[in-house]
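Understanding the architecture of this molecule
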Amino acid sequence: MTVINEYCDRAISGKTDNRPGFQRLIKDSDKGQFDAVIMYTLDRFARNRYDSAIYKAKLKKNGVRVYYAKQPMPDTPEGIILESVLEGYAEYYSENLSRNIKRGMKENAMQCRFNGSGKALGYTVGKDGKFEIDPMGARIVNEIFQLYADGTSINQIINYCNENGYKTSLGNSFNKNSLRTILNNEKYIGVYKYADVIIPDGMPVIIDKVLFDKVQATFKHNSTARAKNKAKEDLLTTKLFCGHCGSSMVGESGTSKSGKLHFYYKCVDRKRKRKCKKAVEKKDWIEELVVRFTVQKVLTDENIDLIATRAMEIIEKESADTTFLDGLQAQLKEVKKKLKNLMTAIEQGMITSTTKERLEELELEKNDIETQIAREEIKKPLLTKERIMYWLVSFKSGDINDVDYRRRVIDTLVNSVYVYDDGEKGRRIVFTFNISGQNTATISCSDIACSAPP
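Everything numeric here is computed off the predicted structure, so don't read it as measured data.

Rules and cut-offs
What you see as residue numbers is a count from 1 along each chain, following the sequence as written. Since the coordinates come from a predicted model, pLDDT governs what is reported: local features require at least 70, and pairs of side-chain atoms require 80 or more to be given and counted, while whole-chain, interface and lining totals use all residues. No hydrogens and no water enter the side-chain calculation; it runs on all heavy atoms of the structure. Strands are labelled as partners when DSSP assigns at least two bridges between them. Labels follow the DSSP assignment, with helices taken as runs of H or I lasting at least four residues and strands as runs of E lasting at least two, numbered in each case from the N terminus. Two N or O atoms form a polar contact when they lie within 3.5 Å of each other; inside protein one atom must be a possible hydrogen donor and the other a possible acceptor, and for residues adjacent in sequence the pair counts only when both atoms belong to side chains. Each Phe, Tyr or Trp ring (for Trp, its six-membered ring) is paired with any other whose centre lies within 6.5 Å, and the angle between the two planes then decides the class: stacked below 30 degrees, edge-to-face above 60, tilted in between. In this analysis the charged atom, NZ for Lys or CZ for Arg, is taken to sit over a ring once it is within 6 Å of the ring centre and within 35 degrees of the ring normal. When a carboxyl oxygen of Asp or Glu lies within 4 Å of a side-chain nitrogen of Lys or Arg, that pair is called a salt bridge. For each residue, the accessible area found with a 1.4 Å probe, counting protein chains only, is set against the maximum for its type, and the residue is called buried under 20%, exposed over 50%, and partly exposed in between. For every residue, the predictor states its confidence as a pLDDT score lying anywhere from 0 to 100. Whether two residues are in contact is decided by their heavy atoms, any of which lying within 4.5 Å being enough. In this description, a line fitted to the C-alpha atoms serves as the axis of each element, helices being fitted only across the stretch in contact, and the angle between N-to-C directions of two axes falls anywhere from 0 to 180 degrees. In these notes the angle categories are as follows: under 35 degrees is roughly parallel, over 145 is roughly antiparallel, 65 to 115 is roughly perpendicular, and the rest is oblique. Crossing chirality is assigned from the near helix's rotation relative to the far helix, an anticlockwise turn below a right angle marking it left-handed and a clockwise turn marking it right-handed. Each residue gets one of three labels, nonpolar for Ala, Val, Leu, Ile, Met, Phe, Trp, Tyr, Cys and Pro, charged for Asp, Glu, Lys and Arg, and polar for the others, Gly among them. An arc is given here, and it is the one of the directions from the helix axis to the C-beta atoms. Here a helix's expected span is defined as the number of its residues, less one, multiplied by 1.5 Å.

**Comments concerning the sheet that holds strand β8 (residues 249-255)**
Note on sheets: strands pair through backbone hydrogen bonds, and any given pair is parallel or antiparallel. Taken in spatial order, the 3 strands line up as β8-β9-β10 in an open sheet, and their pairing is antiparallel. On the outer flanks of this sheet lie β8 and β10 (281-282), each paired with one strand and no other. Two strands pair when backbone bridges link them, and strand β9 (residues 261-267) and β10 are joined in this way by 2 bridges, in the antiparallel orientation. For Y265, the partnering residue across the bridge sits in β10 and is E281.

Take a look at the structure:
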């Protein structure tokens, strides 16, 4: 057998079929690029008889046979029965083992013992399996809490810890995730947690409850502020331009006399050189207008069909470029010819140690080329025109007020937007879209329904 690929799901239980490598294996079997799958043992395929039957049926339909390295299965009625029995045993063993492990871990948790993972910085495990305070780690934790409560930023604390050579409980440098995990960890105020077991006063206390609560309030306030700023992401950056001078328009913010924060786009030339007179554009208004008009103008049935057709032309062109594959096929043909000539020489009695060595070299070269050919053929695209059209049609039903939806429409379909101040008429806007042919459109603000401009 020639191995052309490996599908690995490391540290993922065979109890579930939600394994990326396993699902890719099933999907690739549809392409007909391999004839067999080799598993180490039967329970590596699935520990659930229903899943096992369903997926084996799919593989069989695709002409793929399943082999087991440690459990050879004869392709006979008896073999089928034996396989079913072993599957049932694997499922029973898995469930029984899981149940016993969970029972033991829950008993540990009820006694506030360490369960093998989640040892927080500042703690060590005693001989009895219970948590004890690690003075060095506890001092670092106290410093982190105090710094954050005093107004030091996350990034500043990370830099402070790393500059002082502090390490996380895993021995790594500090980053945002590890720091936030520490700041939110109730273990430091004595709460033991494992699965659904929660025991107050089950841990040695490192952080005072008053300090902990102050940090949580600060953390919540800062998280809310970050969420608001994220919602004001400038979606048109690099795509919005001043129609008068051609400069980019970039996101800005400012506070009015009433204290309200406003977001808008401003011409870079006006911002830096103060020469251009282009008025600023209110952020929410221009982004909504661009998305709404793009959906109405671009996502027509005719354009969707056109975009899908052009996309398939590109895919087919790339697939048609078989230069590398043709080269491999030519190499394989040449190697087979050499093997045939060598076998003819052997049959005529010309056998030497060099002949045998050369035969082995050619066999290895042939296997290597066949493997490369199989890998190239498995790369053939699965996209179809219908799938591309379905994906584009999904844009039509999006929520115009959803930031993620706006981003998808702008990133995918919009090439550039030029905005002109048009005197008493308001604004004139010129769009260029990421489609071939008639890809530009010009509108005035009255041409499309949208919230009133500032």
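Structure's up, so let's keep going.
**Focus on the side chain of E288**
Along the chain, E288 turns up in helix α9 (residues 283-298). Here R292 takes part through its side chain, which lies 2.6 Å from a polar atom of the side chain of E288.

**Re the packing of aromatic side chains**
Applying the stated criterion across every chain, the model contains 13 aromatic pairs. Here a set of aromatic residues connected by ring pairs shows up, and it is made of F114, Y123, F131, F145, Y188, Y192 and F212. Above the face of the Y420 ring, R428 is positioned so that its terminal group lies 4.2 Å from the ring centre.

**Considering the pattern of salt bridges**
Applying the stated criterion to the full structure yields 15 salt bridges. A salt bridge links R139 to E143, with the shortest nitrogen-to-oxygen separation between them at 2.8 Å. Taken together, the positions of R139 and E143, both in helix α4 (residues 135-149) and 4 residues apart, correspond to about one turn of that helix. Residue class for R139 comes out partly exposed when judged on its relative accessible area of 38%. Of the charged contacts, one joins D421 and K278 as a salt bridge, the two residues approaching to 2.9 Å between their closest N and O atoms. Separated by 143 residues along the polypeptide, D421 in strand β11 (residues 414-421) and K278 in the loop between α8 (268-272) and β10 bring together distant segments of the chain. K278 sits in the buried class, given a relative accessible area of 1%. When salt bridges with common partners are traced through the structure, they connect K278, E281, D421 and R427 into a single cluster.

**What about the confidence of the model for the protein?**
In the predicted model, the protein carries a mean pLDDT of 80, and the fraction of residues at 70 or more is 79%. Here residues 446-454 is a poorly scored stretch, pLDDT under 50, and it has 16 contacts once near neighbours within four places are set aside; other chains count.

**Focus: the packing of α9 against helix α14 (residues 403-413)**
α14 packs onto α9 with a crossing angle of 60° between their chain directions and a minimal axis gap of 10 Å. By the criterion of interaxial angle, the relationship of α9 to α14 is oblique. By crossing handedness, the relation of α9 to α14 is classed as left-handed. For the pair formed by α9 and α14, the contact residues are D284, E287, E288, V290, V291, T294, V295 and V298 on the first element and Y405, R406, V409, I410 and L413 on the second. Classifying every residue of the contact of α9 with α14 gives 8 nonpolar, 1 polar and 4 charged.

**Comments concerning α14**
The α-helix winds at 3.6 residues per turn, so residues separated by three or four positions along the chain end up facing the same way. Listed as buried for α14 are Y405, R406, V409, I410 and L413. An end-on view of α14 places all buried positions within 125° of arc, on one side of the element. Among the structural elements, α9, β11 and β12 (427-433) are those in contact with the buried residues of α14.

**Overview of helix α11 (residues 323-347)**
Taking 1.5 Å per residue as the helical rise, α11 with its 25 residues ought to reach 36 Å, and the 36 Å between its terminal C-alpha atoms agrees with that figure. For α11, the complete set of buried residues consists of L325, L328, L332, V335, L339, L342 and A345.

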